[in-house]
Amino acid sequence: MRVVLTTKAQLSDVVKFCCNPDEYSIFGIDVTYDIGPFFVTTTTYRHLMLYDKDSGTHPNFRGPMMIHTDEGAPAFHYFVSTLKGLNRDVENILFVGCDRQKSIVNGLSRELPIAQFLACTKHVQDNIKRNMSSFFIPEKVQTEYLIDIFGDRSNKGLIDSDSASEFDARLMSLRISWEEREVKHCGKETPQFYSYFLANISMDMKEKMLFPVRRLAGLKDNFFYNNC
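Let me sum up the structure you'll find in this document. (Residues numbered from 1 in each chain as written. Predicted model: local features only at pLDDT ≥ 70, side-chain atom pairs only at ≥ 80, totals over all residues. Heavy atoms only, no water.)

### Topic: the overall build of the protein chain
From N to C terminus, the protein chain includes nine helices and seven strands. Rg of the C-alpha trace for the protein chain: 19 Å, near the compact-globule value of 17 Å for 228 residues, within the 12% margin. Restricting to contacts in the protein chain with at least 6 residues of sequence separation, those with at least 24 account for 61%. Approximately 12000 Å² of the protein chain is accessible, and the part contributed by carbon and sulfur atoms is 52%. Charge separation in the protein chain, taken as the distance between the mean sites of 27 positive and 29 negative side-chain charges, equals 2 Å. (Helix = DSSP H or I, 4+ residues; strand = E, 2+ residues; numbered from the N terminus. Rg over C-alpha atoms; globule rule 2.2 N^0.38 Å. Contact = heavy atoms within 4.5 Å. Areas by Shrake-Rupley, 256 points an atom, 1.4 Å probe, with all protein chains shown as cover. Lys, Arg positive; Asp, Glu negative; His and termini not counted. Charge placed at Lys NZ, Arg CZ, Asp CG, Glu CD.)

Here you go:
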């Protein structure tokens, strides 16, 4: 079962604020789980004609949504193709922000030919921390890895690389220290974290999270978060 809920005003706003190359907002999409047997996929966009004095930003508005019973790529393809059936200009969405769920990217990308996808930093951090825990890396040591990847107030992380080639070079330079750190604190002969990061995180970070993508999306040096 798939039900798409939207209004003409929402669709008009999505086109106005997410498809205009002169001034645009990120079209955010997120899936809510475990509402009985249902998933609820919600979307958001920033209303660029309004300004919130308290936050100093344009406010987030709720966009179209879908209630569904499966979360495969066909469900998300159905979602955006339904929106395009109601307003064809939706296909010109420029930036889509989501978590790392491949079914969302695969389902939407076929209908949004020019969209650049961004990955939510919080989702990626949670994925990394969950896997570090499974590798029995202590929480204190996890913080050291997270600073290497995401930086802090005094240090730039891998995510702040200016290009994919710079990212690859910096990641390679971290390999020895990462493996030595894991062996020292976990008592392992064969460290696992570097191989996990290289295989499961690095490509998404290069394509959806580095400085050039964030700046192009209007985030400047800020990270993208999908919690709105």
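Following the structure, the description resumes.
### A word on the pattern of salt bridges
With the rule as written, the count across this model stands at 16 salt bridges. Lys 122 is the salt-bridge partner of Asp 126, the closest N and O atoms lying 2.8 Å from each other. Of this pair, Asp 126 and Lys 122 both sit in helix α4 (residues 121-134), four residues apart, which is roughly one turn of that helix. What makes Asp 126 partly exposed here is its relative accessible area of 25%. We classify Lys 122 as partly exposed; its relative accessible area is 42%. (Salt bridge = Lys/Arg side-chain N within 4 Å of Asp/Glu carboxyl O. Buried < 20%, exposed > 50% of the residue type's maximum accessible area, 1.4 Å probe, protein only.)

### Considering a nonpolar patch on the surface
Among the surface-exposed residues, Met 1, Val 3 and Leu 5 lie close enough to one another that they form a single nonpolar patch of about 250 Å² accessible area. With respect to the helices and strands, the residue Val 3 is situated in strand β1 (residues 2-5). Classification of Val 3 as partly exposed rests on a relative accessible area of 34%. (Patch = residues over 30% accessible without salt bridge, like charges linked within 9 Å, V, L, I, M, F, W, Y side chains within 5 Å.)

### Describing the pairing of strand β3 (residues 38-46)
Two strands pair when backbone bridges link them, and strand β2 (residues 27-35) and β3 are joined in this way by six bridges, in the antiparallel orientation. The partner of Ile 35 across the bridge, within β3, is Phe 38. Between the antiparallel neighbours β2 and β3 lie two residues, among them Gly 36 with a positive phi of about 65°. Strand direction decides the pairing type here: β3 and strand β5 (residues 65-68), joined by three bridges, are antiparallel. Bridged to Val 40 within β5 is Ile 67. Strand direction decides the pairing type here: β3 and strand β4 (residues 60-62), joined by three bridges, are antiparallel. (Pairing = 2+ DSSP bridges.)

### Description of the packing of helix α6 (residues 164-186) against helix α7 (residues 193-200)
Axis separation between α6 and α7 bottoms out at 9 Å; the angle between their running directions is 150°. Between α6 and α7, the angle is such that the two are roughly antiparallel. Two secondary-structure elements touch here, α6 through Phe 167, Leu 171, Met 172, Arg 175, Trp 178, Glu 179 and Glu 182 and α7 through Phe 193, Tyr 194, Phe 197 and Leu 198. Classifying every residue of the contact of α6 with α7 gives eight nonpolar, no polar and three charged. (Axes fitted to C-alpha atoms, helices over the stretch in contact; angles between N-to-C directions. Parallel < 35°, antiparallel > 145°, perpendicular 65-115°, else oblique. Nonpolar A, V, L, I, M, F, W, Y, C, P; charged D, E, K, R; others polar.)

### Considering the nonpolar core
Judged by nonpolar contacts, the single largest core of 29 residues is most densely connected at Ile 93, Val 96 and Leu 108. Mapped by element, the contributors of at least two residues to this core are α1 (8-18), β2, β3, α2 (73-86), β6 (95-98) and α3 (102-109). Met 132, Leu 146, Ile 149 and Tyr 194 belong to the second-largest nonpolar core, a separate cluster that totals 25 residues. (Core = buried A, V, L, I, M, F, W, Y, C linked by side-chain atoms within 4.5 Å.)

### Here we look at the packing of aromatic side chains
What the rule picks out here adds up to 13 aromatic pairs. Where Trp 178 meets Tyr 194, the ring centres are 6.3 Å apart and the plane angle is 65°; that geometry is what we call edge-to-face. Residue Trp 178 is found in helix α6, and its partner Tyr 194 is found in helix α7; the two are separated by 16 residues along the sequence. Taken together, Phe 135, Tyr 145, Phe 167, Trp 178, Phe 193, Tyr 194, Tyr 196 and Phe 197 form an aromatic cluster joined through their ring pairs. The ring of Tyr 145 has Arg 181 sitting right over it, with the charged end atom 4.6 Å from the ring centre. Between the NZ or CZ atom of Arg 215 and the centre of the ring of Phe 211, over which it lies, the distance is 4.1 Å. (Phe/Tyr/Trp six-rings, centres within 6.5 Å; stacked < 30°, edge-to-face > 60°. Lys NZ or Arg CZ within 6 Å of the ring centre and 35° of its normal.)

### With respect to the environment of Phe 38
In this fold, Phe 38 is placed in strand β3. Separated by 29 residues in the primary sequence, Phe 38 and Ile 67 have C-alpha atoms spaced 6.7 Å apart. Not counting residues within four places of it along the chain, the set of residues in contact with Phe 38 comprises Met 1, Thr 32, Tyr 33, Ile 67, His 68 and Thr 69.

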